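# Examination of the molecular architecture
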Amino acid sequence: MSMPENEIREIEAFLFLEARLADESRYDEWEALWTEDALYWVPRRADLDPAKEVSHIYDNRQRIGTRIRQLKSGFRYSQTPASPMRRVLSNIEIAPAGADEYEAGANFMLMELAIQSTRNMNFWGGRTLYRLRRVDGGLRMVVKKILLIDADEPIANLSFLI
Amino acid sequence: MGMQRTIVYDALVHRDRVHGSLYTDPGVFSDEMDRIFHKGWSFVGHTSEVPNIGDFKRRQIGLQPVIITRNPDNEVRLLFNRCTHRGNMICAKESGNTATFVCPYHGWTFGVGGEMRGVPLQNGMGKDFDKSAMGLANVPRMRIYRGFIFASLAAEGPSFDAYLGKARKLLDRACDMSPDGEVDLSAGWLKHRFHANWKMLPENNTDGYHVNVAHASLMRAVNAFSSQAFDEDKGDNSVTRDWGGGHTELDFAARYHQTGRPFQWFGGVPAAKMPDYVARMEQAYGKDLAQQHMIEGPPHAILFPNLFLAELNISFLIPISANEVVQYYTPLLLKGAPEVNARALRQTEGAMGPGSFLLPEDACMAERNQLGLAAQSPEWLDLRRGLEREYMDEKTGLLSSAVSDEITNRSFWKEYLQLMSSFPGAAA
């Protein structure tokens, strides 16, 4: 089923906005993108069962709120100051999922400067799977599942918004 | 041609201070790998990671790659991950199940328990080639206590019992949180890279002094956590303990007994939300002992040099270099306690790992310590806190002190110095 061009452009624009808000650590605006039944998830493996195995991040809406309050506290030392970041999204695929939702996927490459300690340039990459919902005419994020290429390897601090 | 330097450890480790070079000198790191991680005992893994015959899991002891396997006789084996032919790392997969390890270089084949099965074109090996002598090398000494696998790469040396000492009780306390008396470490490991010296991790993990400061952001974000602030000036009677052998503990039991409520260590979840667990614990241990376990919770302790019993998490470290270490974390799942385990998974994600609410600050502090230590003045790190008030606790027989005291650091370094300076050939 092909989607109308303007709908595809609208969803891509949402993904780019979400990426930019994360890159720029614009915490309140990023938090406002989520629905109440949100899931922000960084598993160690794409097919991981969260009832049996541990993930790097498995935040429901409440925990996203805690994460943002912590980042905004001024004492989240691992993100004080926030890491300068830029990410590139590509290979975007979008499909409708039910009456008012969409599934999307995008590869990403993210350069993150660990300015709080080592000043290493960390290079993160993988594919992000999104579930989006149309709410009051606009788009909101229901699920963001980030599949890091090196999720099961030793990784650096992941306290920024990935 | 590098000249071998002899480092005099007695000059670098004092009761109330340690020298900065211990964290930065590659020569020290090299001695530590040899004397602590290779010749001494350390934690390697858990039997629940290889539950079935043919299961294998890669690990590292110090800098040396090993494989934990379960052989066809249902025994756990600890093998060096090195083909006996020309040294190829024979097992590249992180974990799995197999009948054999086949070297991809020349096809030498070994059973999952390490025994040699065969080599291609065997005639060329000569008539004295003895397959039974060419199996994968076993780690010289392995001991399993309640599923926890420890090893030493030295055939001779201090016994496992002498190494573990009184700290056996800490492992007992972790396992006795399960009504079946068994824990399960099968939920997978989060792996966290620190650009810091490995010793900062055990020193930090039972440091009660940093919590209010380094983790202030979580206290501000979550009220429930702020009520757990560590402050002996405000009635927190938790204590730090020296279990001997470099094993150390932050013991919160006294604080938890102030109210006597169970599960304060578990976010204060009401007992009514875990009725089956409470019933099974009372059935297994009797009402009084079960109540004590549920009030006091699992231990918060370090087993020297690399195991962290982190309440409802298990953590260990693998040293990489003087400036780099990897820390692993998994939930401490309790057999027979599905209500606890479901919460434990989410609690581990909240507390531990590179994306959690706590460990990123610990990693950041460790890395900034490492950066600060590049400055060579002052030469020493100050570990005097609590020296004037530590005491022998008659009830436990353990040297103890207030929750923010550096008795845990001093205990760590006492064992460190013992291992580093009493080593045969070490400078006196």
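Residues numbered from 1 in each chain as written. Chains lettered and ligands numbered in written order. Predicted model: local features only at pLDDT ≥ 70, side-chain atom pairs only at ≥ 80, totals over all residues. Heavy atoms only, no water.

### Observations concerning the overall build of chain A
Heads up, the rule is: Segments assigned H or I by DSSP are reported as helices when at least four residues long, segments assigned E as strands when at least two residues long, and all are numbered from the N terminus. All radius of gyration figures rest on C-alpha atoms, and the globule criterion is 2.2 Å times the number of residues raised to 0.38. Two residues form a contact once any of their heavy atoms are found within 4.5 Å. For accessible areas, the Shrake-Rupley method is used with a probe of radius 1.4 Å. Any residue's cover is judged against the shown protein chains and nothing else.
When you go through chain A residue by residue, the secondary structure sums to three helices and six strands. At 16 Å, chain A has a C-alpha radius of gyration in line with the 15 Å of a compact globule built from 162 residues. Dimensions of chain A, computed from C-alpha atoms along their principal axes, come out at roughly 50 × 30 × 30 Å. Within chain A, counting contacts between residues at least 6 apart in sequence, those at least 24 apart form 59% of the total. Entry remark: accessible area of chain A is about 7300 Å², with carbon and sulfur atoms responsible for 53%.

### Here's the deal with the sheet that holds strand E6 (residues 95-97) of chain B
Residue and element names in this part refer to chain B. Quick reminder of the rule: At least two bridges found by DSSP between two strands is the condition for calling them paired. An axis is simply a line fitted to the C-alpha atoms; with a helix, the fit covers only the stretch in contact. Between two such axes, the angle follows the N-to-C directions and lies from 0 to 180 degrees.
Judged by pairing direction, the sheet is antiparallel, and its four strands sit side by side in the order E5-E4-E3-E6 without closing on themselves. Each edge of the open sheet is held by one strand with a lone partner, namely strand E5 (76-80) and E6. Across the sheet, the axes of successive neighbouring strands diverge by a mean angle of 25°, strand direction being ignored. Pairing analysis gives three bridges linking strand E3 (residues 55-61) to E6, with the strands arranged antiparallel. Residue pairing in the sheet places Phe 56 in a bridge with Gly 96 of E6.

### A short note on the interface of chain B and chain A
Formally: Here the quantity called buried area is the total loss of accessible area, with a 1.4 Å probe, experienced by two parts when brought into contact, counted for both. We count a salt bridge whenever a side-chain nitrogen from Lys or Arg sits within 4 Å of a carboxyl oxygen from Asp or Glu. All residues other than Ala, Val, Leu, Ile, Met, Phe, Trp, Tyr, Cys, Pro, Asp, Glu, Lys and Arg, Gly among them, are scored as polar; the first ten of these are nonpolar and the last four charged.
The interface is formed by 38 residues belonging to chain B together with 32 residues belonging to chain A. Both faces considered, chain B and chain A share a buried interface measuring about 3000 Å² in area, 55% of it formed by carbon and sulfur atoms. Inspection of the region where chain B meets chain A yields two salt bridges. Note that Asp 152 of chain A and Lys 191 of chain B form a salt bridge whose closest N and O atoms lie 3.9 Å from each other. Those elements that place two or more of their residues in the side of chain B that touches chain A are strand E13 (190-194), helix H6 (211-214), helix H7 (216-221), strand E19 (324-331), helix H12 (338-351) and helix H13 (359-372) of chain B. Broken down by element, the side of chain B that touches chain A gets its largest block of residues, nine residues, from H13 of chain B. Here the residues of the side of chain B that touches chain A are counted per class, giving 21 nonpolar, nine polar and eight charged.

### Looking at the domain arrangement of chain B
In many reports, interface size means the accessible area that the parts give up when they come together. Residues and elements named next belong to chain B. Formally: The split into domains, and so the bounds of each, comes from an automatic or database assignment of domains. Think of a polar contact as two N or O atoms within 3.5 Å of one another; within protein, one of them needs to be a possible hydrogen donor and the other a possible acceptor, and neighboring residues in sequence only count if both atoms come from side chains.
Taken domain by domain, chain B consists of domain 1 (43-152) and domain 2 (166-421). Using C-alpha coordinates to define each centre, domain 1 is positioned 33 Å away from domain 2. If you look at the interface, domain 1 gives 13 residues, while domain 2 gives 22 residues. Broken down residue by residue, the surface that domain 1 buries against domain 2 is led by Phe 43, Arg 146 and Phe 148, which jointly contribute 39%. Viewed at the interface, domain 2 and domain 1 are joined by three salt bridges. Here Arg 146 makes a salt bridge to Asp 172, at a shortest N to O gap of 3.1 Å. There are eight residue pairs in polar contact (both at pLDDT 80 or more) connecting domain 1 and domain 2. Looking at the side of domain 1 that touches domain 2, the elements that each hand over two or more residues are strand E2 (42-46), E3 and strand E11 (148-152). Tallied by class, the residues present in the side of domain 1 that touches domain 2 amount to five nonpolar, four polar and four charged.

### Notes on the sheet that holds strand E7 (residues 100-102) of chain B
Residues and elements named next belong to chain B. Within the open sheet, the three strands sit side by side as E7-E8-E9. Their pairing is antiparallel. Edge positions in the open sheet fall to E7 and strand E9 (116-118), since each of these has one partner strand only. The average undirected angle you get between the axes of adjacent strands in this sheet is 30°. Two elements, strand E8 (residues 109-111) and E9, share two bridges in a ladder whose sense is antiparallel. What sits directly across from Phe 110, in E9, is Met 116.

### Here we look at unusual backbone geometry
As a reminder, the rule being used: Exposure classes here rest on a 1.4 Å probe applied to the protein chains alone. A residue is buried below 20% of its type maximum, exposed above 50%, and partly exposed in between.
Here the residue pair Phe 304 of chain B and Pro 305 of chain B is connected by a cis peptide bond, since its omega of 0° sits within 30 degrees of zero. Tracing the sequence through the fold places Pro 305 of chain B in the loop between strand E16 (300-303) and strand E17 (307-310). Pro 378 of chain B follows Ser 377 of chain B through a cis peptide bond whose omega is 0°. On the secondary structure map, Pro 378 of chain B appears in the loop between H13 and strand E21 (380-382). In this structure, Asp 136 of chain A is a non-glycine residue whose phi angle is positive, near 50°. Among the structural elements, Asp 136 of chain A can be located in the loop between strand E5 (121-135) and strand E6 (138-148). Since its relative accessible area comes to 83%, Asp 136 of chain A is described here as exposed. Even without being a glycine, Phe 263 of chain B presents a positive backbone phi close to 65°. Residue placement: Phe 263 of chain B occurs in the loop between helix H9 (253-259) and helix H10 (275-285). Judged by its relative accessible area of 0%, Phe 263 of chain B is buried.

### Quick notes on the pairing of strand E3 (residues 85-96) of chain A
All names here are of chain A. The pairing of E3 with strand E4 (residues 101-113) spans ten bridges and is classified as antiparallel. Opposite Glu 93, over in E4, you have Gly 105 as the bridge partner. Counting the residues in the hairpin turn of E3 and E4 gives four residues, including Gly 98, whose phi is positive at 80°.

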